[in-house]
Amino acid sequence: MNLGEMTAEWREDNRDTGTHPLFSDELLARLFSESEEEASIRKCLIRETVTIPIVAGDLELELADGIFEVRTARIVEGDTSYWISPSDRYEQDRLFIGWRTETARPTAFIHDDKSLTLNRLVATDADLVLEVFRTPTAAMVDADDEPEISSVHHRKLYGWVTFKAYSIPDNERQDAPRAAGGLAEFERYFGKRPDANHRRNNNANRPHRVKAW
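Residues numbered from 1 in each chain as written. Predicted model: local features only at pLDDT ≥ 70, side-chain atom pairs only at ≥ 80, totals over all residues. Heavy atoms only, no water.

Right, let's talk about the nonpolar core for a bit. Counting 24 residues, the largest nonpolar core has Trp10, Phe23, Phe32 and Leu157 as its most contacted members. In terms of residue count, helix H2 (residues 25-43) provides more of this core than any other element does, 6 residues in total. The contacts of Leu157, once residues within four sequence positions are left out, are Met6, Phe32, Ser35, Glu36, Ala39, Pro147, Ile149, Phe186 and Phe190. Listed in part, the 18 residues of the second largest apolar core include Ile67, Ile84, Leu116 and Leu130. (Core = buried A, V, L, I, M, F, W, Y, C linked by side-chain atoms within 4.5 Å. Buried < 20%, exposed > 50% of the residue type's maximum accessible area, 1.4 Å probe, protein only. Helix = DSSP H or I, 4+ residues; strand = E, 2+ residues; numbered from the N terminus. Contact = heavy atoms within 4.5 Å.)

Written out as C-alpha cells, the structure reads:
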C-alpha cells in the first residue's frame, strides 16, 4: 500500500471523509511516517548490511543517521574476515586500560548512539562490515510514497496514527478513549518502545560463547 491508499482507508475507518476533514493529508502523512519509524524501532523491521572503509589509526567511526542497533561486526582484510564482539568502555578498561592508544587489529566494538568505537587503533586499512537495524531513510510525503517495511505490516500502522491524531488537544479532535484504543492496538502488534539504552546495553552484554572441543 502507498501513503494515499493508507490515508484513504484510515479516513474511512474513522469516518473522516467529509468535505472538511478533521485531519489534513499533511498531518496524516507525518503521522504515518512517525508510525513506521516507531514500528521499525520496536520490532527491528529494517535490517541492512553496511560497509565502512577503515584506515590505519582509526578508533571512532561515525554511523549513518537512523542506525539504532549494531547487531554484528567484522573486519575484512582481503579474503579474510575477523569477527569482533560488542562491548562497553567499562569492560575494555577492565581488560586493558591502554586500549585507546594501542595499535592492533580490533577485537571488539562499542556502539554509542551515532558512533562506533573500536577497542584498538586500526593497524591496517580494511573494511568494517556491520549488520544493523535502522529506521526508514525518508519520511513519506507524496501519495505514491510507500513504507520501507513489508506490506504485511502496513495496516498495523493505523493504530499509532489514531493515537496521535485523537490526542491533539482541541475540542473537535481530541478523543482520549479512541486515542488509547489506537495505542493499545499498535502496541499489541509492535510491542512497547524500549528506552534509549536498552538495546545498546543488551548488545554490549551479550554472553560470549566458548566452543568446547
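This part takes up a negative patch on the surface. A cluster of like negative charges, contributed by Glu5, Asp142, Asp144 and Glu146, occupies part of the molecular surface. Among the structural elements, Asp142 can be located in the loop between strand E7 (126-134) and helix H4 (158-165). (Patch = residues over 30% accessible without salt bridge, like charges linked within 9 Å, V, L, I, M, F, W, Y side chains within 5 Å. Areas by Shrake-Rupley, 256 points an atom, 1.4 Å probe, with all protein chains shown as cover. Salt bridge = Lys/Arg side-chain N within 4 Å of Asp/Glu carboxyl O. Lys, Arg positive; Asp, Glu negative; His and termini not counted. Charge placed at Lys NZ, Arg CZ, Asp CG, Glu CD.)

This part covers the packing of aromatic side chains. The tally for this structure, following the rule as stated, stands at 8 aromatic pairs. Pairing Phe23 with Tyr166 gives two aromatic rings, centres 5.1 Å apart and planes at 80°, and the pair type is edge-to-face. Highlighted residues: Phe23 in the loop between helix H1 (3-13) and H2 and Tyr166 in the loop between H4 and helix H5 (176-190), separated in sequence by 143 residues. Centroid distance Trp160 to Phe186: 5.3 Å. Interplanar angle 55°. Geometry classified as tilted. With Trp160 in helix H4 and Phe186 in helix H5, the pair connects residues that are 26 residues apart, well separated along the chain. Joined through ring pairs, the aromatic side chains of Trp160, Phe163, Phe186, Tyr189 and Phe190 make up one cluster. Of note, Arg105 hangs over the ring of Tyr82, and the distance from its end group to the ring centre comes to 3.6 Å. Seen from the ring of Tyr166, Arg178 lies directly overhead, with NZ or CZ sitting 4.6 Å from the centre. (Phe/Tyr/Trp six-rings, centres within 6.5 Å; stacked < 30°, edge-to-face > 60°. Lys NZ or Arg CZ within 6 Å of the ring centre and 35° of its normal.)

A word on the confidence of the model for the chain. Overall, the predicted model of the chain reaches an average pLDDT of 93, with 92% of residues at or above 70. Residue range residues 207-213 is modelled with pLDDT below 50. Its contacts to residues more than four positions away, or to other chains, number 2 contacts. (pLDDT = per-residue confidence, 0-100.)

Turning next to the pairing of strand E6 (residues 115-118). Every second residue of E6 is oriented toward a common face, with Ser115 and Thr117 on one face and Leu116 and Leu118 on the other, all of them buried. One ladder, built from 3 bridges, connects strand E2 (residues 60-62) with E6; its direction is antiparallel. When the sheet's bridge partners are listed, Glu60 is paired in E6 with Thr117. As defined by bridge partners, strand E5 (residues 108-112) adjoins E6 across 4 bridges and the pair is classed as antiparallel. Looking at E6, one finds that Ile110 is bridged to Thr117. Between E5 and E6, which pair antiparallel in sequence order, lie 2 residues; one of them, Asp113, sits at a positive phi of approximately 55°. (Pairing = 2+ DSSP bridges.)

A separate point is the packing of H2 against H4. At a minimum axis distance of 8 Å, the contact between H2 and H4 shows a crossing angle of 125°. Compared by their axis directions, H2 and H4 come out oblique. When you trace H2 past H4, the crossing you get is right-handed. Contacts from Leu28, Leu31, Phe32, Glu34, Ser35, Glu38 and Arg42 in H2 reach Tyr158, Trp160, Val161, Lys164 and Ala165 in H4. Its residues assigned to classes, the contact of H2 with H4 shows 7 nonpolar, 1 polar and 4 charged. (Axes fitted to C-alpha atoms, helices over the stretch in contact; angles between N-to-C directions. Parallel < 35°, antiparallel > 145°, perpendicular 65-115°, else oblique. Left-handed = near helix turned anticlockwise from the far one by under 90°. Nonpolar A, V, L, I, M, F, W, Y, C, P; charged D, E, K, R; others polar.)

Both strand E3 (residues 67-77) and E7 contribute to a ladder of 8 bridges, which runs antiparallel. Among the inter-strand pairings, Arg74 is bridged to a residue of E7, identified as Val129. Bridge count between E3 and strand E4 (residues 80-86): 5 bridges; the pairing is antiparallel. Its bridge partner lying in E4, Ile75 is registered against Tyr82.

Two orientations exist for strands paired in a sheet by backbone hydrogen bonds: parallel and antiparallel. Strand order in the open sheet made by the 7 strands is E1-E7-E3-E4-E5-E6-E2, with mixed pairing throughout. Of all the strands in the sheet, just strand E1 (47-54) and E2 have a single pairing partner and so form its edges. Recorded for the sheet is a direction-independent mean angle of 30° between the axes of neighbouring strands. In the sheet, E1 pairs with E7 via 8 bridges, with the strands oriented antiparallel.

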